[in-house]
Amino acid sequence: MDFNFISNIMLGNQNKPKLLDQVRITLRTNHYSPKTEESYTNWIKRFILFHNKQHPGEMGGEEIKQYLKREVIKIFEYLDGVPKLIVSLLYGGGLRLSEALRLRIKDIDFDY
């Protein structure tokens, strides 16, 4: 790890790190695992590429909704049967995984 780089950031020097470097520094400072860091940075990269390399600071909630909607659609395309039903309950019904897995047919109100 480049400690001069980190000390320049902490001292507020003009050499502001790139976005992903800022994310990595924040995650490491907060003791996130390397796998979490990798996962978060990959999500951010895909988000930026989805919006034609526009900086996230220039985007807002609408762009996040567009991206997440596309990701959900991609996930649903790969699912069939029971797994698709469970994911539909998680996403559309707001159920937790443990709730969806314990759900019984008599728990559902079809007349609603």
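Above this text sits the structure in question.
Residues numbered from 1 in each chain as written. Predicted model: local features only at pLDDT ≥ 70, side-chain atom pairs only at ≥ 80, totals over all residues. Heavy atoms only, no water.

Caption draft 1: Highlighting the overall build of the protein chain. For the protein chain, the helix and strand inventory stands at six helices and zero strands. In sequence order, the secondary structure elements of the protein chain are arranged as α-α-α-α-α-α. Of all intrachain contacts in the protein chain linking residues separated by at least 6 positions in sequence, the fraction that spans at least 24 positions is 16%. Split by element, the accessible area of the protein chain, about 9,300 Å² in all, is 57% carbon and sulfur. (Helix = DSSP H or I, 4+ residues; strand = E, 2+ residues; numbered from the N terminus. Contact = heavy atoms within 4.5 Å. Areas by Shrake-Rupley, 256 points an atom, 1.4 Å probe, with all protein chains shown as cover.)

Caption draft 2: Representation of the packing of helix 2 (residues 19–29) against helix 3 (residues 34–50) in the model. Interaxial distance between helix 2 and helix 3 falls to 10 Å at its minimum, and their mutual angle equals 155°. Regarding the angle of helix 2 to helix 3, the classification is roughly antiparallel. For the crossing formed where helix 2 meets helix 3, the hand is right-handed. Between helix 2 and helix 3, the contacting residues are L19, L20, V23, R24, L27 and R28 on the first element and E37, Y40, T41, I44, K45 and I48 on the second. Looking at the contact of helix 2 with helix 3 residue by residue, the class counts come to seven nonpolar, one polar and four charged. (Axes fitted to C-alpha atoms, helices over the stretch in contact; angles between N-to-C directions. Parallel < 35°, antiparallel > 145°, perpendicular 65-115°, else oblique. Left-handed = near helix turned anticlockwise from the far one by under 90°. Nonpolar A, V, L, I, M, F, W, Y, C, P; charged D, E, K, R; others polar.)

Caption draft 3: Up close: the pattern of salt bridges. Considering all chains together, one arrives at six salt bridges under this definition. Residue D21 is joined to R24 by a salt bridge in which the shortest nitrogen-to-oxygen separation is 3.5 Å. Of this pair, D21 and R24 both sit in helix 2, three residues apart, which is roughly one turn of that helix. Note that R28 and E37 form a salt bridge whose closest N and O atoms lie 2.9 Å from each other. A single network of salt bridges, built from pairs that share partners, joins D21, R24, R28 and E37. (Salt bridge = Lys/Arg side-chain N within 4 Å of Asp/Glu carboxyl O.)

Caption draft 4: View of the packing of aromatic side chains. Overall, the coordinates contain five aromatic pairs when judged by the stated rule. Centroid distance W43 to Y67: 6.0 Å. Interplanar angle 85°. Geometry classified as edge-to-face. With W43 in helix 3 and Y67 in helix 4 (residues 61–77), this residue pair connects regions lying 24 residues apart in the sequence. Looking at W43, the relative accessible area reads 37%, which means it is partly exposed. Over the aromatic face of W43 sits the side chain of R46, whose NZ or CZ is 4.7 Å from the ring centroid. (Phe/Tyr/Trp six-rings, centres within 6.5 Å; stacked < 30°, edge-to-face > 60°. Buried < 20%, exposed > 50% of the residue type's maximum accessible area, 1.4 Å probe, protein only. Lys NZ or Arg CZ within 6 Å of the ring centre and 35° of its normal.)

Caption draft 5: Looking closely at a nonpolar patch on the surface. A cluster of nonpolar side chains, L103, I105, I108 and F110, forms an exposed patch at the surface whose accessible area comes to about 400 Å². Looking at the secondary structure, you find I105 in the segment after helix 6 (97–102). For I105, a relative accessible area of 62% gives the class exposed. (Patch = residues over 30% accessible without salt bridge, like charges linked within 9 Å, V, L, I, M, F, W, Y side chains within 5 Å.)

Caption draft 6: Local environment of helix 5 (residues 81–93). Here helix 5 is 13 residues long and its end C-alpha atoms lie 17 Å apart, about the 18 Å a rise of 1.5 Å per residue gives. Positioned one or two residues after helix 5, G94 has a phi angle of 75°, which is positive. (Expected span 1.5 Å × (residues − 1).)

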